[in-house]
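# Residue-level structure breakdown
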Amino acid sequence: MGKTKFKAKIDSQDEKSIIYGNCIFNNNKITYKEKDIKVTILISDNIIEMIRECNDYKIHLIFQKDSVTQSTYQLFGGNKIFNLETKTEVLDIGDKKIQIDYILEDNKFSYILEME
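Here goes a summary of the coordinates provided. (Residues numbered from 1 in each chain as written. Predicted model: local features only at pLDDT ≥ 70, side-chain atom pairs only at ≥ 80, totals over all residues. Heavy atoms only, no water.)

For the rest of this paragraph, the subject is the environment of N27. Here N27 lies in the loop between β2 (16-26) and β3 (29-34). According to the relative accessible area criterion, N27 is exposed, its value standing at 69%. The spatial distance from the C-alpha of N27 to the C-alpha of I48 is 13 Å, given a sequence separation of 21 residues. (Helix = DSSP H or I, 4+ residues; strand = E, 2+ residues; numbered from the N terminus. Buried < 20%, exposed > 50% of the residue type's maximum accessible area, 1.4 Å probe, protein only.)

This is the structure:
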């Protein structure tokens, strides 16, 4: 298990943000905090799962290159779970960089995670 610095960049039609901080990288799992949101990234051969969780909700995104997958969005308090269609356009997994370009319910997103 290693702790390292990271930069995460999220671009969408409505929002652009860059987050800097420390993450924990252990084999195929990366975890970090983004304000009050805990982000967990699980890396498999050609699949990345991203879980974003806070006090209000949990979103579980599944990315597979050139595929449409079913992700979930769960609101806490009412225990409602919504299925989200996720189309992955770019999935690039490197040693110190991950890039995911995807369409989530007709909204385009680009996510880049770079680690030192």
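So, on to the sheet that holds strand β6 (residues 57-64). The antiparallel closed barrel is built from ten strands, whose spatial order is β1-β2-β3-β4-β5-β6-β7-β8-β9-β10. Looking at each pair of strands side by side, their axes are set apart by 25° on average, direction ignored. (Pairing = 2+ DSSP bridges. Axes fitted to C-alpha atoms, helices over the stretch in contact; angles between N-to-C directions.)

This part takes up the environment of K65. Along the chain, the position of K65 falls in the loop between β6 and β7 (68-75). It is 6.2 Å that separates the C-alpha atoms of K65 and E89, two residues lying 24 residues apart in sequence. Setting aside residues no more than four positions away along its own chain, K65 makes contact with N46, T88 and L91. (Contact = heavy atoms within 4.5 Å.)

Our focus in this paragraph is the pattern of salt bridges. Side-chain pairs of opposite charge can arise where the charged atoms are in close proximity. All told, the structure shown has four salt bridges when counted by the stated rule. Of the charged contacts, one joins K9 and D11 as a salt bridge, the two residues approaching to 4.0 Å between their closest N and O atoms. Look at K9 and you get partly exposed, because its relative accessible area is 33%. A salt bridge links R52 to E34, with the shortest nitrogen-to-oxygen separation between them at 2.7 Å. One end of the pair, R52, is in strand β5 (residues 47-53); the other, E34, is in strand β3, and 18 residues separate them in sequence. In terms of burial, R52 and E34 fall into one category: buried. (Salt bridge = Lys/Arg side-chain N within 4 Å of Asp/Glu carboxyl O.)

With that out of the way, let us pick up the pairing of β6. The side chains of a regular strand alternate between both faces of the sheet. Because side chains alternate across β6, one face comprises the buried residues Y57, I59, L61 and F63, and the other comprises K58, H60, I62 and Q64, none of which is buried. As paired strands, β5 and β6 are joined by seven bridges and run antiparallel to one another. By the bridge assignment, E49 is partnered in β6 with I62. Hairpin connection between β5 and β6: a loop of three residues separates the two successive antiparallel strands.

In this section: the packing of aromatic side chains. If you walk through the whole model with that rule in mind, you get five aromatic pairs. Summarising the aromatic geometry, the rings of F63 and Y102 are spaced 4.6 Å apart at their centres and angled 55° between planes, so their arrangement reads as tilted. Note that F63 is positioned in strand β6 and Y102 in strand β9 (residues 97-104), a separation of 39 residues in sequence. A relative accessible area of 7% places Y102 in the buried class. Within the aromatic cluster, the residues linked to one another by ring pairs are Y57, Y73 and F82. (Phe/Tyr/Trp six-rings, centres within 6.5 Å; stacked < 30°, edge-to-face > 60°.)

Any functional reading would require information beyond the geometric quantities listed.
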